[in-house]
Amino acid sequence: MTDAPARLVVDRGACAGHGMCYAVAPALVEPDEQGDPVVLVDPIFAEHLDDADTAVSVCPERALSLTHASQLSDLEEQSR
């Protein structure tokens, strides 16, 4: 496991509002008024990575993703 931060990202277009992400990781994700997930912790560090991975893995729509710092740096470089 790394100490580098990660980011939990919600694809709102793919989300169907099942609520499984905030059921398994309530410290990281909560529902808004419509039941859509809202990420509470950004960036995510090592102490929350297992919960974030679980939230990503239980989403039946694959609407959550976890992007690690090294991937974020790569994306920033590509956009320049």
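For the structure, check the block above.
One structure accompanies this document, and this report is about it. Everything numeric in this text was worked out from a predicted model, so none of it was measured.

**Details of the overall build of the protein chain**
Right, so step 1: Helix and strand counts for the protein chain come out as 3 helices and 4 strands.
Right, so step 2: Taken from N to C terminus, the helices and strands of the protein chain fall in the order β-α-β-β-α-β-α.
Right, so step 3: Counting the 80 residues in the protein chain, one finds 28% classified as buried.
Right, so step 4: Sequence separation of 24 or more characterises 61% of the internal contacts of the protein chain that already satisfy a separation of 6 or more.

**Structural notes on the nonpolar core**
Right, so step 1: Counting 15 residues, the largest nonpolar core has Leu 8, Cys 21, Val 29, Ile 44, Ala 52, Leu 64 and Leu 66 as its most contacted members.
Right, so step 2: Of all the secondary-structure elements, those providing two or more residues to this core are β1 (6–10), α1 (20–24), α2 (46–58) and β4 (64–68).
Right, so step 3: Sorting elements by how many residues they give to this core places α2 first, with 4 residues.
Right, so step 4: Filtering out sequence-adjacent residues up to four positions away, Leu 8 remains in contact with Val 29, Val 39, Ile 44, Ala 52, Val 56, Leu 64, Ser 65 and Leu 66.

**Thoughts on α2**
Right, so step 1: Within α2 the residues assigned to the buried category are Leu 49, Ala 52, Ala 55 and Val 56. Considered in projection along α2, the buried side chains sweep an arc of 130 degrees and stay on one side of the axis.
Right, so step 2: On the buried face of α2, the contacting elements are β1, α1 and β4.

**Section: the environment of Val 10**
Right, so step 1: By the secondary structure assignment, Val 10 is in strand β1.
Right, so step 2: Since its relative accessible area comes to 18%, Val 10 is described here as buried.
Right, so step 3: A sequence separation of 46 residues divides Val 10 from Val 56, and the C-alpha atoms of the two residues are 9.5 Å apart.

**A look at the pattern of salt bridges**
Right, so step 1: One pass over the structure, following the stated rule, counts 1 salt bridge.
Right, so step 2: Across the pair Arg 7 and Asp 42 runs a salt bridge whose closest N-O atoms are separated by 3.0 Å. Placement of the pair is Arg 7 in strand β1 and Asp 42 in the loop between β3 (37–39) and α2, with a sequence separation of 35 residues.

**Comments concerning the state of the cysteines**
Right, so step 1: Scanning the entire structure with this criterion turns up 0 disulfides.
Right, so step 2: Free cysteine: Cys 21, not disulfide-bonded; nearest cysteine sulfur from Cys 15 at 6.4 Å.
Right, so step 3: For Cys 21, a relative accessible area of 9% corresponds to the buried category.
Right, so step 4: In this structure Cys 59 is a free cysteine whose sulfur lies 6.4 Å from that of Cys 15, the closest cysteine sulfur available.

Thresholds applied
- Counting starts from 1 at the beginning of each chain's written sequence and moves along it residue by residue.
- Local features in this predicted model are restricted to residues whose pLDDT is 70 or higher, and side-chain atom pairs enter the listing and the counts only when it is 80 or higher, whereas totals over whole chains, interfaces and linings include all residues.
- Based on all heavy atoms of the structure, the side-chain values leave hydrogens and waters out of the count.
- Only runs of H or I of at least four residues qualify as helices and only runs of E of at least two qualify as strands under DSSP, and these elements are numbered from the N terminus.
- The classification of residues rests on relative accessible area computed with a 1.4 Å probe and restricted to protein chains. Under 20% of the type maximum is buried, over 50% is exposed, and intermediate values are partly exposed.
- Whether two residues are in contact is decided by their heavy atoms: any pair within 4.5 Å suffices.
- Put simply, buried Ala, Val, Leu, Ile, Met, Phe, Trp, Tyr and Cys residues joined by side-chain atoms within 4.5 Å make one nonpolar core.
- Throughout, the arc means that of the directions going from the helix axis to the C-beta atoms.
- Each salt bridge in this description consists of a side-chain nitrogen of Lys or Arg and a carboxyl oxygen of Asp or Glu lying within 4 Å of one another.
- Two cysteine sulfur atoms form a disulfide, by the criterion used here, when they sit within 2.5 Å.

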